[in-house]
Amino acid sequence: MPKTPRLSYLLRQAQLANRQQLDAVLRSFGLTPAQYMVLNIISDYREGIFSAELARRLWITPQSSNEIVASLEKMELIRRVEDAGQRRVLRVGVAVKGRAVLAKCEKAVDRFEADFFGDLSAAEDSQLRDILIGLVRTSREKSVADGLGESGKRPRQAAAAR
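Residues numbered from 1 in each chain as written. Predicted model: local features only at pLDDT ≥ 70, side-chain atom pairs only at ≥ 80, totals over all residues. Heavy atoms only, no water.

Draft legend 1. Region of the structure containing the confidence of the model for the protein chain. Per-residue confidence for the protein chain gives a mean pLDDT of 87; residues scoring 70 or more make up 90%. Long-range and interchain partners of residues 154-162, a stretch whose pLDDT sits below 50, account for four contacts in this model, where long-range means more than four residues apart. (pLDDT = per-residue confidence, 0-100. Contact = heavy atoms within 4.5 Å.)

Listed below in structure tokens is the structure:
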């Protein structure tokens, strides 16, 4: 008798299929899925977002976040501006060109998602969304409670003796 596939396996396979197809959609705009997600997240912050907060939202290291931000900045889709309260700290915001590109991407991604998730009823779509939001929230809370932070990595320990 065949064994039931693990949920982790099924979730990963669905994620891979989604990413592969999303990549094809975004390639026409010159973006990767990671760049699109960063641009999308940044657009939610009128005053911009700190790079460290962006890394936490994406569950990636600050270095990886900075690489994506640098590539988007080179494409002139985002801008870094000094924080009003802390001049040595930069906020990342969407540039005018970035807003235009994002608006076009959103329409294409809407069409893609309608096709990718098209077999789901409205109730199933809502249920899947709620389940995934719950899994993400619980995982973040557990990571923070375990002292891992939202990236799932432990902060560097202080030197034993200074």
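Draft legend 2. Structural context of the sheet that holds strand β2 (residues 78-82). One open sheet accounts for three strands, arranged β1-β3-β2; its pairing is antiparallel. Strands with a single pairing partner mark the edges of an open sheet, and in this sheet they are β1 (49-50) and β2. Across five bridges, β2 lies against strand β3 (residues 90-94) in antiparallel orientation. Each residue of the ladder has a partner; that of I78, found in β3, is V94. Its contacts with the sheet place helix α2 (residues 33-43) against β1, β2 and β3, and it is angled at close to 100° to β3. (Pairing = 2+ DSSP bridges. Helix = DSSP H or I, 4+ residues; strand = E, 2+ residues; numbered from the N terminus. Axes fitted to C-alpha atoms, helices over the stretch in contact; angles between N-to-C directions.)

Draft legend 3. Quick look at unusual backbone geometry. For W59, which is not a glycine, the phi torsion comes out positive at approximately 60°. Assignment of secondary structure puts W59 in the loop between α3 (51-58) and α4 (62-74). On the accessibility criterion, W59 (28% relative accessible area) is partly exposed. (Buried < 20%, exposed > 50% of the residue type's maximum accessible area, 1.4 Å probe, protein only.)

Draft legend 4. Layout of the side chain of S65. As for its placement among the helices and strands, S65 is situated in helix α4. Beyond its immediate stretch of four places on either side in the chain, S65 contacts S51, L54, A55 and I60.

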